[in-house]
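So you can see what is in the structure, the chains are spelled out below.
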Amino acid sequence: MQIAASFEQAMLREYPQPISLVIVKAGGKYNPMPLGWLMTTSREPPMLALAAERTRYTLELIRQAREFVISFPPSTMGKEILYYGTNSGRFVDKFAETPVRTQPATRVDGVLLTDAVANFECRLVSELVTGDHVICVGEVVASHVNQDESVRRLYSIAQGESGGVIPG
Ligand SMILES: Cc1cc2nc3c(=O)[nH]c(=O)nc-3n(C[C@H](O)[C@H](O)[C@H](O)COP(=O)(O)O)c2cc1C
């Protein structure tokens, strides 16, 4: 039986949620931001869309750079992801403060997460304001996978930016 609930209450049932990371150029550095809201929107050409809150520093960076990397962090990266998701690149150099292994991207000015399950290099093709978030659609121009197929994704178990982060 179904009972009426608020949108917020009902959406709590969507967890666990896979976590992604968007990495964007910020001056001479690169800024990582965790994402729960990511979707595939096209196979040919391949496209991914993310939803960034309207005031996010990362949204400003995406609009400037018009390119970004989407990573699927590994299950071992909970501590780093919580740090990246509770601090802003406006005030701190997140990769300097909480380092992870990165390597240069091949088709965009960006870095890949070396230990990720997969990485996707994207060029911004459109954006759409939807309520308090902005959907940024990226065409995937290069894809990469971890050669170790046993590496698993990271999931979030609860709502909220400092909510629990668990291995998949
Ligand atoms: C697990 C997790 C998922 C998140 N998902 C999103 C998301 O989909 N969209 C968004 O705008 N912010 C999301 N956030 C919040 C941002 O990652 C957070 O506000 C971050 O500090 C912003 O970084 P920036 O200021 O460097 O852009 C999420 C945070 C966490 C921890």
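In short, a report on the structure. What you see is a predicted model, and the numbers here were worked out from it, not measured in a lab.

## Describing the site of the ligand
Near the ligand, the surroundings consist of 22 residues, among which Trp37, Thr58, Gly85, Ser88 and Gly89 are the closest. At the level of elements, β3 (29-35), β5 (47-53), α2 (57-65) and α3 (78-86) are the ones that each hand at least two residues to the shell around the ligand. Looking at the shell around the ligand, its residues break down into nine nonpolar, nine polar and four charged.

## Quick word on the sheet that holds strand β9 (residues 118-130)
Across the sheet, which stays open at both edges, the seven strands sit in the order β3-β2-β6-β9-β10-β5-β4 with antiparallel pairing between neighbours. One side of each edge strand has no neighbouring strand; the edge strands of this open sheet are β3 and β4 (38-42). This sheet shows a mean twist of 35° between the axes of neighbouring strands, independent of strand direction. In the sheet, strand β2 (residues 20-26) pairs with strand β6 (residues 67-72) via three bridges, with the strands oriented antiparallel. The residue bridging Ile23 from the neighbouring strand is Val69, located in β6.

Rules used in this analysis
In this numbering scheme, every chain counts its residues from 1 along its sequence in written order. Selection of residues for local features in this predicted model requires a pLDDT of at least 70, selection of side-chain atom pairs for listing and counting requires 80 or more, and totals for whole chains, interfaces and linings are taken over all residues. By definition, a residue lies near a molecule or strand when the C-beta atom built from its backbone is within 6 Å of it. Helix and strand assignments follow DSSP, with helices taken as H or I runs no shorter than four residues and strands as E runs no shorter than two, numbered in order from the N terminus. Polarity classes work like this: nonpolar for Ala, Val, Leu, Ile, Met, Phe, Trp, Tyr, Cys and Pro, charged for Asp, Glu, Lys and Arg, and polar for all others, with Gly in that last group. Pairing between strands requires that DSSP locate at least two bridges from one strand to the other. An axis is simply a line fitted to the C-alpha atoms; with a helix, the fit covers only the stretch in contact. Between two such axes, the angle follows the N-to-C directions and lies from 0 to 180 degrees.

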